[in-house]
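# Results of the structural survey
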Amino acid sequence: MASIIRLPKGTRDILPDEIHKWYHIEEVVRRLCQDFGYREIRTPVFESTDLFVRGVGDTTDIVQKEMFTLVDAGGRSLTLRPEGTSPVVRAVLENSLYAGPMPLKLYYNPLTCYRAEKPQAGRQREFHQFGVELFGAATPAADAEVILVAYELFRRFGLAERLLLKLNSIGCPTCRAAYREALLSYLEQYRQELCDTCRQRMDKNPMRVFDCKSEICQGIAQGAPLITSYLCDACREHFEGLQQTLSALEIPFEVDPTIVRGLDYYRRTVFEFVSDDIGAQSTVCGGGRYDGLVEELGGDPLPGIGFGLGIERLIMSLERAGYVFPELPAVEVYVGMTDASLDVLTTKLVTELRRAGISAEKDIVGRSVKAQMKYADKLGAHYALIVGQNEVDTGRVTVKDMQKGESFEAALDGLKEALLAR
Ligand code: ATP
Ligand code: MG
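So, a few notes on the structure that sits alongside this text. Quantities reported herein were computed from a predicted structural model and do not represent experimental measurements.

## Let's talk about the site of ligand 1
Close to ligand 1 lie 15 residues, the nearest being Arg115, Glu117, Arg123, Gln124 and Arg261. Glu117 is positioned such that a nitrogen or oxygen atom in its side chain is 2.7 Å from a nitrogen atom of ligand 1. Within the contact set of ligand 1, an oxygen atom lies 3.0 Å away from a side-chain nitrogen or oxygen of Gln129. Contributing elements (two or more residues each) for the shell around ligand 1: strand E6 (126-135), strand E10 (283-289) and strand E11 (304-310). Take the shell around ligand 1: its biggest share by element is 3 residues, from E10. Partitioned by chemical class, the residues of the shell around ligand 1 number 3 nonpolar, 6 polar and 6 charged.

Okay, here's the thing in structure tokens:
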């Protein structure tokens, strides 16, 4: 016997038994985004590799070691998207969406993302993100709105109290230059102890040390100078404005100056929603302001802010919290038959029901009547009936209400009406 081919490392099937969770999340997200006035955008699974090298940044883990890159027959380098923001920015520029009314409010859901990481709980090579991107608004109020979208999603799922919002400002290029000097001279003392990656990145982007997963680097980072005391007046004012708004809205948060986010393009506000009950991979949602990105990708300056939220980690949090996902409805009616000569008649019958919005299944296996009833039971069908020659002759059929365990009579050609009336 041939051996089965297994799915690639770090990927997962989403099976029919769990699809209701995905439908539910998609529905809640769609409703949420509508409530906030965000419109959906869908971009391709792969993009030119350059988009991510420029848009995510070549000092990031993503670009340095996590991209799935392939070369097409024409010799073009393509990469499976590791994140959603740079593709959305590309689409905004390519389709001149910036020429429409501002602010431009977009979301994606769910977007598959691909990163060649070491798979573990909450970390896959193919995973899904919901995210929003807000362009054309540089105010603290815009930051607050984007954070509010994520917060409101968690609130609707009853998770708001189980997640901690961590907030930071990483300043702008002006204040970051002074900070960079201070950080560098601190890190210099530990050059020998830092991991190879951090040492290599030191000259280009020393703030990445805060994001390093190595314990030694994390220890070193703990004593490092913090961006907070280097913010320029404009950045400080912006950050304070955001904090005041969040406090006034009674959204709890904690300022954490070590949050720098993995992606290079962030400016000013960065934030994460962290859970302490899903283990090591505890960040469910991460986002921030990326005012320099649109320019970096060839557009005129346009401020932007957004977040990406991992759906797998959201599901994990929901499950830990004992969240009950609504089940999909079972088939409403099962139509059985006593023998194959009634095949066309029963097919017409179920077609009529289906067109009236009543889900219906019929025997297509050629089972015995007893086996058909057993199958109807397994399906969890609400109603079951068997059509035989007798039913055809009299035009009447007995319908079993499987939930109540009782039966009622109906006309064969009035079945739809009888069911709709119940
Ligand atoms: P981490 O620090 O966990 O690697 P990240 O900074 O790389 O996260 P982002 O790029 O900000 O993550 O992605 C946003 C969200 O997408 C994360 O908060 C997380 O919920 C989810 N996510 C990121 N990488 C993965 C992955 N490999 N598998 C599953 N979910 C992921
Ligand atoms: Mg990562």
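## Side note on the packing of helix H1 (residues 19-36) against helix H11 (residues 311-320)
Interaxial distance between H1 and H11 falls to 11 Å at its minimum, and their mutual angle equals 105°. When the interaxial angle is binned, H1 and H11 end up roughly perpendicular. Side by side, H1 and H11 meet where Lys21, Trp22 and Ile25 of the first sit next to Ile311, Glu312, Leu314, Ile315, Leu318 and Glu319 of the second. Class assignment for the residues of the contact of H1 with H11 results in 6 nonpolar, no polar and 3 charged.

## Description of the state of the cysteines
Applying the stated rule across the entire model yields 0 disulfides. The structure places no disulfide on Cys217, whose sulfur is separated from the nearest cysteine sulfur, that of Cys195, by 3.7 Å. The thiol of Cys232 is unpaired, and the distance to the nearest cysteine sulfur, on Cys235, comes to 3.6 Å.

## A closer look at a positive patch on the surface
Together, Arg367, Lys370, Lys374 and Lys378 give the surface a local cluster of positive charge. If you trace the backbone, Lys378 turns up in helix H13 (residues 369-379). Taking relative accessible area as the criterion, Lys378 reaches 73% and is therefore assigned exposed.

## Notes on the pattern of salt bridges
This structure, assessed with the given rule, holds 23 salt bridges. Here Asp72 makes a salt bridge to Arg76, at a shortest N to O gap of 2.9 Å. Between Lys166 and Asp256 there is a salt bridge, and its shortest N-O distance comes to 3.6 Å. With Lys166 in strand E7 (residues 163-169) and Asp256 in the loop between strand E8 (254-255) and strand E9 (267-275), this pair connects stretches of sequence that are 90 residues apart. Taken together, the shared-partner salt bridges connect Arg31, Asp35, Glu152, Arg155 and Arg156 into one network.

## Some thoughts on the pairing of E7
Taken across its 7 residues, E7 has 6 buried, putting it largely inside the fold. Where E7 meets E9, 7 bridges bridge the pair, whose relative direction is antiparallel. Each residue of the ladder has a partner; that of Asn168, found in E9, is Val270. Here E7 runs beside E8; their pairing, made up of 2 bridges, is parallel. By the bridge assignment for E8, Lys166 is matched with Glu254.

The rules behind each value
Each chain has its residues counted from 1, following the order in which its sequence is written. Note on labels: chains are lettered from A, ligands numbered from 1, in written order. Predicted model: local features are reported for residues with pLDDT of at least 70 only, side-chain atom pairs are reported and counted for 80 or more only, and whole-chain, interface and lining totals are derived from all residues. The side-chain values count all of the structure's non-hydrogen atoms but skip hydrogen atoms and water molecules. Summary of the distance rule: residues count as near a molecule or strand when at least one heavy atom falls within 4 Å of that molecule or strand. Here a polar contact is recorded for every N or O atom pair within 3.5 Å, except that within protein the pair must consist of a potential hydrogen donor and a potential acceptor, and residues adjacent in sequence are included only if both atoms are side-chain atoms. Helix and strand assignments follow DSSP, with helices taken as H or I runs no shorter than four residues and strands as E runs no shorter than two, numbered in order from the N terminus. Here the term charged refers only to Asp, Glu, Lys and Arg, the term nonpolar to Ala, Val, Leu, Ile, Met, Phe, Trp, Tyr, Cys and Pro, and the term polar to all other amino acids, Gly among them. Simply put, an axis is a line fit to the C-alpha atoms, just over the touching stretch for a helix, and the angle between two N-to-C directions goes from 0 to 180 degrees. Each angle gets one of four labels, with under 35 degrees taken as roughly parallel, over 145 as roughly antiparallel, 65 to 115 as roughly perpendicular, and the rest as oblique. In what follows, a contact means two residues having at least one pair of non-hydrogen atoms within 4.5 Å. Put simply, a disulfide is two cysteine sulfurs that come within 2.5 Å. Distance thresholds for patches are 9 Å for like charges and 5 Å for nonpolar side chains (Val, Leu, Ile, Met, Phe, Trp, Tyr), applied to residues having over 30% relative accessible area and no salt bridge. To be clear on the numbers: accessible area is Shrake-Rupley with a 1.4 Å probe, and residue cover counts the displayed protein chains and nothing else. Counted as salt bridges are all cases of a side-chain nitrogen of Lys or Arg within 4 Å of a carboxyl oxygen of Asp or Glu. Charge assignment in this entry is limited to Lys and Arg as positive and Asp and Glu as negative, and neither His nor the chain termini are counted. The atom standing in for a charge is NZ when the residue is Lys, CZ when it is Arg, CG when it is Asp and CD when it is Glu. The buried label goes to any residue with under 20% of its type's maximum accessible area, the exposed label to any with over 50%, and the partly exposed label to all in between, with areas taken from a 1.4 Å probe on protein chains only. Strand pairing follows a simple DSSP-based rule, namely that at least 2 bridges must link the two strands.

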